[in-house]
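Coordinate analysis (summary)
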Amino acid sequence: MGKQTILIVDDDIDVITVIKAILTKEGYEVISAGNKEEGIAMMKAKKPDLAILDVMMTTHYEGFELAKELLDNPEFKETPILIQTSIDVFVTTRADVQSMALEYRKDPNCKDMQVLLVRNAMTGDAGIDYRTEDGKNVWFPVSGFVRKPIEAKVLVPTVNSLLS
């Protein structure tokens, strides 16, 4: 079996360079794309084992749009997706992270937030609830989140866990 392949989709070449250096040192093959369209093309061409997506690229939520598109495609729906973000993640112990996001939407302190990132502390289940520009709420699950700026001591165990 060959090296496992990881796709990084980010418009910041410095971020790509850092992540690529960290993961190449760990024995992974790392490929990259600078936006959603390139990311989809690379997914189709290379069929990576994991995708790490930035959120803000050409548009404000391009990474979310890409993740949702990948999850809706039967060819890629099983590919783990990590979202790299500087947005705070709500942590819960409730089994259903989507219902937790819906509860946060009802909370007066959170209901106007454009993005809710939720992760179950026990299971690792995670998901994103965000508002599109036309005000529609979109929910989808992801494999997890990595905080920006990326730290090797967090990224490596997360990637290893998802690809083991």
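Anything mentioned here points back to the structure above.
What comes next concerns the included structure. None of the values given here were measured: they were computed from a predicted structure. (Residues numbered from 1 in each chain as written. Predicted model: local features only at pLDDT ≥ 70, side-chain atom pairs only at ≥ 80, totals over all residues. Heavy atoms only, no water.)

1. Some thoughts on the packing of helix α2 (residues 36-46) against helix α3 (residues 62-72)
So the rule is basically this: Lines fitted to C-alpha atoms define the axes, with helix axes restricted to the stretch in contact, and inter-axis angles between N-to-C directions lie between 0 and 180 degrees. The numbering of helices and of strands both runs from the N terminus, where a helix is a DSSP run of H or I of at least 4 residues and a strand a run of E of at least 2. Orientation labels follow simple angle bins: below 35 degrees gives roughly parallel, above 145 gives roughly antiparallel, 65 to 115 gives roughly perpendicular, and whatever is left gives oblique. Left-handed describes a crossing whose near helix is turned anticlockwise from the far helix through less than a right angle; right-handed describes the clockwise counterpart. Any two residues whose heavy atoms approach within 4.5 Å are treated as being in contact.
Contact geometry of α2 with α3 gives a least axis separation of 10 Å together with a crossing angle of 30°. If you check the angle between α2 and α3, you find them roughly parallel. As for how α2 packs across α3, the hand of that crossing is right-handed. Of the residues in α3, those touching α2 at K36, E37, I40 and M43 are E62, E65, L66, E69 and L70.

2. What about helix α5 (residues 152-163)?
Heads up, the rule is: One less than the number of residues in a helix, times 1.5 Å, gives the span that helix is expected to have. Note on classification: 1.4 Å probe, protein chains only; a residue is buried when its accessible area is under 20% of the maximum for its type, exposed when over 50%, partly exposed between these limits. Starting at the helix axis, one direction is taken to each C-beta atom, and the arc is that of these directions.
Here α5 contains 12 residues, and its C-alpha end-to-end distance of 16 Å stays within 8% of the 16 Å for a straight helix at 1.5 Å per residue. Those residues of α5 that fall on the buried side of the exposure criterion are L155, V156, V159 and L163. Along the long axis of α5, the arc covered by the buried residues comes to 95°, so they all point the same way. Every exposed residue of α5 that faces more than 90 degrees away from the buried side is listed here: K153 and S161. The inward-facing, buried residues of α5 contact β1 (5-9), α1 (13-25), β3 (50-54), β4 (81-85) and β9 (144-147).

3. A few points about the packing of aromatic side chains
Here is the rule: Stacked, tilted and edge-to-face are the three classes assigned to paired rings of Phe, Tyr and Trp, where Trp is represented by its six-membered ring and a pair needs centres within 6.5 Å; plane angles under 30 degrees give stacked, over 60 edge-to-face, the rest tilted.
In this structure the tally under the stated criterion is six aromatic pairs. Consider the rings of F90 and Y104, whose centres lie 4.2 Å apart with planes at 35°: the pair is tilted. Of this pair, F90 sits in strand β5 (residues 89-92) while Y104 is found in helix α4 (residues 97-106), placing the two residues 14 residues apart along the sequence. For Y104, a relative accessible area of 14% gives the class buried.

4. Overview of the nonpolar core
Nonpolar side chains in soluble globular proteins tend to be buried together. How we decide: Here the nonpolar core consists of buried residues drawn from Ala, Val, Leu, Ile, Met, Phe, Trp, Tyr and Cys, with membership extended through side-chain atoms lying within 4.5 Å.
By size, the foremost hydrophobic cluster in this structure holds 27 residues, and its most contacted members are L53, F64, I83, I128, Y130, F140 and V142. With four residues, the single largest contributor to this core is α3. Those residues in contact with F64 that lie beyond four places of it in its chain are V55, I83, V115, L117, I128, Y130 and F140. Counting 18 residues, the second largest nonpolar core, distinct from the first, contains L50, L82, I150 and V156.

5. Quick word on the sheet that holds β3
The line we're drawing: Two strands make a pair as long as DSSP finds a minimum of two bridges between them.
Spatial ordering of the open sheet is given by β2-β1-β3-β4-β9, a layout of five strands whose pairing is parallel. Since the sheet does not close on itself, it has two edges, and those belong to β2 (29-33) and β9, each with one partner. On average, each strand axis in the sheet is tilted by 25° relative to the strand beside it, whichever way the strands run. Sheet topology note: the β3/β4 ladder contains four bridges and is parallel. Considered in β4, the bridge of I52 is made with L82. Of the strands in this sheet, β1, β3 and β4 are in contact with α3, which crosses β4 at around 175°. Set on the sheet, α5 makes contact with β1, β3, β4 and β9; between it and β3 the angle comes to about 140°.

6. Quick word on the pattern of salt bridges
Rules: Any Lys or Arg side-chain nitrogen located within 4 Å of an Asp or Glu carboxyl oxygen qualifies as a salt bridge.
On inspection of all chains with the given rule, the structure shows eight salt bridges. Put simply, K68 and D72 hold a salt bridge, and the shortest N to O gap is 3.0 Å. Here D72 and K68 lie together in helix α3, a separation of four residues that amounts to about one turn. Judged by its relative accessible area of 24%, K68 is partly exposed. Residue class for D72 comes out exposed when judged on its relative accessible area of 52%. Among the ionic pairs, R105 bridges to D129, the shortest N-O distance being 2.9 Å.

In short, shape yes, function no, at least from these values alone.
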